[in-house]
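# Descriptive analysis of the structure
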Amino acid sequence: MKIAERWFVWAGMVLLGGIALAGLVVAVYAAWLFHDLPDASELADYRPPTATRVYAGDGTLIGEFSDERRIYVSYDQIPLTVVQAFLAAEDRNFFQHGGIDVSGIGRASIKNIFNLASGRRLEGGSTITQQVAKNVLLTNESSLNRKLKEAILANRLEATLSKEQILNLYLNEIFLGYRSFGIASAAYNYFGKSLNQLTPDEAAFLASLPKGPNNYHPKRHPGAAKGRRDWVLGEMEQNGWLTQAQLVEARARPLIARDAPQRSDYKDADFFVEEARRQAAANPDFGEQLRAGGFYMRTTLDPTLQTAARQALMLGLENYDRRHGWRGGWGTTDFAEGWQAAALKEQAPPERRSWRAAAIESVSGNTVRIRTARDDETGTLIAADAAWANANRQLRRGELIFVEPRNGQFALKQVPRVNGALVAVEPQSGRVLAMVGGYSYALSSFNRATQARRQPGSSFKPFVYATALEGDFTPASIVLDAPISFAGGANGQRWTPENYSRQYYGPQTLRRGLELSRNVMTVRLAQSVGMKKIVDQADKMGIPGLTPNLSVSLGAGEVTPLEITAAYSAFANGGRRVSPYLIDYVQDRDGETIFRADSRSCRDCGRGFSGQESPRLQQRGTQVIDPITAYQMSSMLEGVVQRGTAASARGLGNWVAGKTGTTNEYRSAWFVGFTSDIVVGVFIGFDDNRSLGFGETGTTAAVPVFIDFMQTALKERPARPFVRPKNAVFRTVNGIEEAFRPGTERQAPPPVQAPTQPVGPQNYYEVIRREQEAAASGANAPPPPAAAPPPKKAPAEDLSGLY
């Protein structure tokens, strides 16, 4: 008995020790578990990372910035049908349990016995509260530790937050596939709808996705997706949230979702949206939170004008490309099995959605049969297109090409290698209404409107003339159009600027010199005014960084299309410099405005206006030229369109002004044109700055793009007369009404009789001799012009700023 008693005591001590040790282990584990838990109270003010949505001036969604594509919505904005769909699919007892659903855990535990045996991932049986704890506060690992933490946190969440707050966190945080975080983003990405537009079957489909979005992908697994949706609808009916008739109707509807998530339905503003993103990211007030802060960003974009700008530029570049001939197909095929799949790897620019990849089956003269790769459709090329291609490079069987269906045949298409930009600015405010930075954003995201610095050629000349008019000159002042030569050119040679045609017209008014873009007159005028004044004036108007070199008067400096277009605004708005901007205002997710581009204040706007004059806001911008000078320039540049180098745009009507520009060796072609309400800059050029080819001037390459765009713009903003300054004096000179500053009208010379025929340089021998003698003595010698890089194919004459 004593042995038995000792054994019993020993066993009891061991048992008690084991229990104590186990308790100690459990206590230590619990302490570690609780110590490692995050604070659930943090979720009281938690807002998940949310996309910044970008809108045009009229409210059209044009883009978004985000790491997680999420649109945050408050609980009261979520329709009851959507809430019920997710409760039916995920946690029908959500409003009854305290964070843990014991019956749900039991069902999951039974399934997990089989999952463990087969090596499958454990099922949760988790409540929505537990899922919030896991998604927001914990990792996604499958372990006992995580499940215990999840349960503890769920209990804490229920004690800290209301059921509605927990459900709102869940519905905004959950990942639902299609790059969609949260239900609002998913509704848009899958169906192109807002939450309040969803039908019960669509809400049920979204509710079917948390368990595994890829398993129920509507395009890759349509059967499984519809089956899961119909199951959720059945659960909704079982819970009394749908009637039997509603269930039958909802299940009968096909599951129709978008092919892929889309940023927005409007797709013409890629260059604009990216530039807005760059500017917003640099803003210290909200830039760091741009991709997660859920901001509402209203921009200056006009969608109608933006679409017109993209179409006009693309067509202009394609027309240039067509003038320079067919380059051949982009690939070849022998029509072996699978050739279509190989052909479809080469995509047409997404902006040209109607283009199709095709292969040439046979060629008989200008009768060319083709077969499309995607639809296996056969047909013939338009004979004129075949003749155009054959004239430069013979079409051959097996060539892979792009075609576009047209009237039962196919047009031959070619992606241009040339590029360009178009930007439109509102001159009164600086709002950028449209911006296209190249032929295709998908092919090249380099924004030539803001990032390409190129010589503007003669489109810079208005700043020379404006500086002169700010001094002692008038539109009727006379400048000699005759050969001129300076010492100090490149490689020790004399610099002899020439007119495009190498013809000269003798004494001419400033107006006529600008209308016909006379290079020699501009150089003489710049020499008289002083390049330092011209460069300073250009800087005031928004073109910085130029050197006071006489060749700059012909556009040898460098600018971006946006800079020079915005600088022209001063001619249209009465002489004020306005800073171009793309973002009107930004609001945070609570609707508070945190940035506004227009910082003007209106002290009297809050008072009543009964019987009183409305308050007036001060005009934007800084006065940089006299209003009379601005009007003089607008009138003279209108003459460029009516009688000068841009006369091809005369069909747009009166009160349209502008200036062409072409640089040395035809490297770049420009046109900057405007009315009182819009300024438009067009640039055409190769990215490597090679020649566009002989004759590709601003008149030929850029003006047609401007005309195409303005045909749309003038419908929205009809041209109106330029505002006549109140203190200007008007006199008729050479049949044209000119504006003068008071007192300068007495300096107006008699009408100039131009030669009936242009005069060649040989008739001005004496003029040249005298100027050469002056140059040799150092008198009035201008600084040497900047040396241009040698052209690949240089024309015989110097064409700097020829148009």
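Read on for an overview of the structure.

Conventions we followed
Residues numbered from 1 in each chain as written. Predicted model: local features only at pLDDT ≥ 70, side-chain atom pairs only at ≥ 80, totals over all residues. Heavy atoms only, no water. Helix = DSSP H or I, 4+ residues; strand = E, 2+ residues; numbered from the N terminus. Buried < 20%, exposed > 50% of the residue type's maximum accessible area, 1.4 Å probe, protein only. Contact = heavy atoms within 4.5 Å. 1 Å grid on protein atoms, 1.4 Å probe; cavity = no way out; pocket = protein on both sides within 12 Å on 5 of 7 lines; lining within 4 Å. Points joined across faces, edges and corners; volume = space filled by probe spheres on them. Polar contact = N/O pair within 3.5 Å; in protein donor to acceptor, adjacent residues only side chain to side chain. Phe/Tyr/Trp six-rings, centres within 6.5 Å; stacked < 30°, edge-to-face > 60°. Nonpolar A, V, L, I, M, F, W, Y, C, P; charged D, E, K, R; others polar. Pairing = 2+ DSSP bridges. Axes fitted to C-alpha atoms, helices over the stretch in contact; angles between N-to-C directions. Expected span 1.5 Å × (residues − 1).

## Quick word on the overall build of the chain
Looking only at helices and strands, the chain has 22 helices and 22 strands in total. Sorting the 803 residues of the chain into buried and exposed places 52% on the buried side. Look at the contacts in the chain between residues 6 or more apart in sequence, and 72% of them connect residues 24 or more apart.

## A look at empty space enclosed by the protein
This structure, assessed with the given rule, holds one cavity of 30 Å³ or more. Space inside the largest cavity adds up to approximately 90 Å³. In this structure, the largest cavity is lined by 14 residues; those nearest its centre are Asp-268, Asp-270, Phe-271, Arg-310 and Glu-351.

## Some remarks on the side chain of Glu-745
If you trace the backbone, Glu-745 turns up in the loop between strand S22 (736-740) and helix H22 (765-776). Polar contacts involving the side chain of Glu-745 include one to the main-chain amide nitrogen of Gly-743, which spans 2.8 Å. When near neighbours in sequence (up to four residues on either side) are disregarded, Glu-745 contacts Val-729, Arg-731 and Phe-740.

## Notes on helix H8 (residues 200-207)
Within H8, seven of the eight residues are buried, leaving the element largely enclosed by the surrounding structure. Listed in full, the buried residues belonging to H8 are Asp-201, Glu-202, Ala-203, Ala-204, Phe-205, Leu-206 and Ala-207. Packing partners of the buried residues in H8 comprise helix H2 (80-90), helix H7 (183-191), helix H9 (222-238) and helix H10 (244-252).

## Examining the packing of aromatic side chains
The final tally for this structure, using the stated rule, is 28 aromatic pairs. On the numbers, 6.0 Å between centres and 75° between planes, the contact of Phe-191 with Phe-205 is edge-to-face. You can see Phe-191 sitting in helix H7 and its partner Phe-205 sitting in helix H8, a full 14 residues away along the chain. Relative accessible area serves as the criterion here: at 11%, Phe-191 is assigned to the buried category. Residue Phe-205 is classed as buried on the basis of its relative accessible area of 0%.

## Focus on the layout of surface pockets
There is about 830 Å³ of room inside the second largest pocket. With five residues, the top contributor of residues to the lining of the second largest pocket is helix H6 (residues 163-173). Residue composition of the lining of the second largest pocket, by class: 18 nonpolar, eleven polar and ten charged.

## Here's the deal with the sheet that holds strand S1 (residues 52-55)
In a beta sheet, neighbouring strands are held together by backbone hydrogen bonds and run either parallel or antiparallel to one another. Spatially, S2-S1-S3-S15-S16 is the arrangement adopted by the five strands of the open sheet, whose pairing is mixed. Because the sheet does not close on itself, it has two edges, and the strands there are strand S2 (61-65) and strand S16 (593-596). The average angle at which neighbouring strand axes cross in this sheet is 20°, direction not considered. Of the strand pairs in this sheet, strand S15 (residues 583-587) and S16 are connected by three bridges, and their pairing is antiparallel. Bridging across to S16, Val-586 finds its partner in Phe-595.

## A closer look at H9
For H9, built from 17 residues, the straight-helix expectation of 24 Å at 1.5 Å per residue is met to within 8% by its first-to-last C-alpha distance of 24 Å. Buried within H9 we find Ala-225, Arg-228, Arg-229, Asp-230, Val-232, Leu-233, Gly-234, Glu-235, Met-236 and Glu-237. For H9, the elements touching its buried residues are H2, H8 and H10.

## A short note on the environment of Glu-235
Positionally, Glu-235 belongs in helix H9. Classification of Glu-235 by relative accessible area gives buried; the value is 12%. When the C-alpha atoms of Glu-235 and Gln-84 are compared, they prove to be 9.7 Å apart, with 151 residues separating the residues in sequence. Beyond its immediate stretch of four places on either side in the chain, Glu-235 contacts Ala-88 and Arg-92.

Limitation: the analysis is restricted to geometry and does not speak to function.
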